[in-house]
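# A look at the structure
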Amino acid sequence: MPWPVLLMARALEGGGSERQLREIAKALDRSRFHPHAGCFRPDGAGRRELEAAGVPVVHFPVDSFRSPGAVSAAFHLARYVRRQKIRLVHSFDYPSTVFAVPACRFLTSSAVVSSQRSHRDLIPRGYRRLVRMTDHMVDAIVVNCDFVRRHLEQQERVPPGRIQICYNGIDLEAFSPLDVPRPPDLPRDSFVIGVVCALRPEKGLPTLLHAFARVRHLRAGMKLAIVGDGPMLESLRSESAALGIREDCVYALSTEKVTDWLRAIDIFVLPSLSEALSNALMEAMACGCPVVASNVGGNPELVRSGETGLLFEPADAPGLASALITLIENESLRMRLAEAGARFVREHLSICASAQRMGGIYEQLIESA
């Protein structure tokens, strides 16, 4: 009989953690595991996607951890784990970690796993203290790159034996090089530098604006595509106007047709100030984009400078502009880096490989428990 496991997140759609939960739940070996998905906000396309794949979705109604409803939801979670004979519970983000780890540790006999998918400085301060408390309750913490492993060991003092690495995986059928029409917002013959990401401060997008202002004269009609939404949208628009590049910038809100944008981008740039293992960077590489990324976090684990892309130092607009000039003026280099990047993702970062590795972690912990 396959082991029932419960994968938890605050919601089932939105960012990289939610996407990885859905992909892992769908790709786990069903002869070994019967995945369930739990969340605070179950409505939306994420739930429909999972249920269509035969993954039951359970709602734990938590609006605030300070409300009595949170306690009721914790007992609901424990009853669900016992009733469904769940052998392992895995939280994918910090709200579900704070909620699920104590409840399952003290009220059930299941193995308990949390995730750390970014530097902890990005977790709100109040949550950060609670997440650190759960480090002592879990059987394992799954990280998505070696950078986060080192961060937990060296700065958070997590015992090395408690940390397991499972690199993110992507759907190689959905993300692959294809010749498709460009989104209508982009002129057909324009040279496009672009990024697809959440528009948050840690993404370092002003660096990209300043670098683009330095290179846009190299090609007539060059465009900068910024695809995504977030709290920095209006400030980025204002800054691009102040730099005199507003008419060359295309801002597109988050879209389900991410692959259409990636396949239209001639050079993909990820200028993050803080990053773990970027799904957006992996997806761009898989779609055949030559990539330029800041030398932070897990980016160097994907981008070997001069082999699978180019690196520059974070917040260094002149350095980024220099890398862009190199690629704009050298088509053969762009093609070589794009081919090598796509091959690297195809060989090492498929969702099948990630689900197989995650399954191995689950099996080890269940058998130990």
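Before any of the text, the structure's been laid out above.
These remarks concern the structure in this document. Remember, predicted model here, so these are calculated numbers, not experimental data.

Running from amino to carboxyl end, helix H3 (residues 68-83) crosses helix H4 (residues 94-107) at an angle of 55°, the nearest separation of the two axes being 9 Å. Classified by the angle their axes make, H3 and H4 are oblique. The way H3 lies across H4 gives a crossing that is right-handed. Contact residues: Ala70, Ala73, Ala74, Phe75, Leu77, Ala78, Val81 and Arg82 in H3; Phe99, Ala100, Ala103, Cys104 and Leu107 in H4. Looking at the contact of H3 with H4 residue by residue, the classes come out as twelve nonpolar, no polar and one charged.

Our next topic: the sheet that holds strand S9 (residues 223-227). Pairing within the open sheet is parallel, and its six strands lie in the order S10-S9-S8-S11-S12-S13. Sheet topology places strand S10 (249-252) and strand S13 (310-312) at the edges, where each strand pairs with a single neighbour. Shown here is a sheet whose adjacent strand axes are inclined to one another by a mean of 20°, direction ignored. Where strand S8 (residues 192-196) and strand S11 (residues 267-270) come together, two bridges link them in parallel fashion. The residue bridging Gly194 from the neighbouring strand is Phe268, located in S11.

Note that Thr108 resides in the loop between H4 and strand S5 (111-116). Spatially, the C-alpha atom of Thr108 lies 6.8 Å from that of Arg82, the residues being 26 residues apart in sequence. Residues in contact with Thr108, not counting those within four places in the same chain, are Ala78, Val81 and Ala103. Among the polar contacts made by the side chain of Thr108, one reaches the main-chain carbonyl oxygen of Cys104 at a distance of 2.6 Å.

End to end, H3 covers 23 Å across 16 residues, agreeing with the expected 22 Å (1.5 Å per residue, within 8%). Residues of H3 that are buried include every one of Ala70, Ala73, Ala74, Leu77, Ala78, Tyr80 and Val81, and no others. Each buried residue of H3 lies within a common arc of 160° when the element is viewed along its axis, so the set occupies one face. Relative to its buried face, H3 has exposed residues pointing more than 90 degrees away, namely Pro68 and Arg83. The secondary structure elements touched by the buried residues of H3 are strand S1 (3-11), strand S2 (33-41), strand S3 (57-59), strand S4 (88-91) and H4. Remark: Lys85 follows H3 within two positions and exhibits a positive phi of approximately 55°.

Here we take up the pattern of salt bridges. According to the stated counting rule, one finds 20 salt bridges in the structure shown. The partner of Glu202 in a salt bridge is Arg200, with the nearest N and O atoms 2.5 Å apart. Of the residues examined, Glu202 reaches a relative accessible area of 16% and is grouped as buried. Taking the relative accessible area as the measure of exposure, Arg200 reaches 35% and is therefore partly exposed. The partner of Arg216 in a salt bridge is Asp248, and the shortest N-O contact between them spans 2.4 Å. Separated by 32 residues along the polypeptide, Arg216 in the loop between helix H7 (205-215) and S9 and Asp248 in the loop between helix H8 (233-242) and S10 bring together distant segments of the chain. When its relative accessible area of 25% is taken as the criterion, Arg216 is described as partly exposed.

Parameters at a glance
- Residues numbered from 1 in each chain as written.
- Predicted model: local features only at pLDDT ≥ 70, side-chain atom pairs only at ≥ 80, totals over all residues.
- Heavy atoms only, no water.
- Axes fitted to C-alpha atoms, helices over the stretch in contact; angles between N-to-C directions.
- Helix = DSSP H or I, 4+ residues; strand = E, 2+ residues; numbered from the N terminus.
- Parallel < 35°, antiparallel > 145°, perpendicular 65-115°, else oblique.
- Left-handed = near helix turned anticlockwise from the far one by under 90°.
- Contact = heavy atoms within 4.5 Å.
- Nonpolar A, V, L, I, M, F, W, Y, C, P; charged D, E, K, R; others polar.
- Pairing = 2+ DSSP bridges.
- Polar contact = N/O pair within 3.5 Å; in protein donor to acceptor, adjacent residues only side chain to side chain.
- Expected span 1.5 Å × (residues − 1).
- Buried < 20%, exposed > 50% of the residue type's maximum accessible area, 1.4 Å probe, protein only.
- Arc of directions from axis to C-beta.
- Salt bridge = Lys/Arg side-chain N within 4 Å of Asp/Glu carboxyl O.

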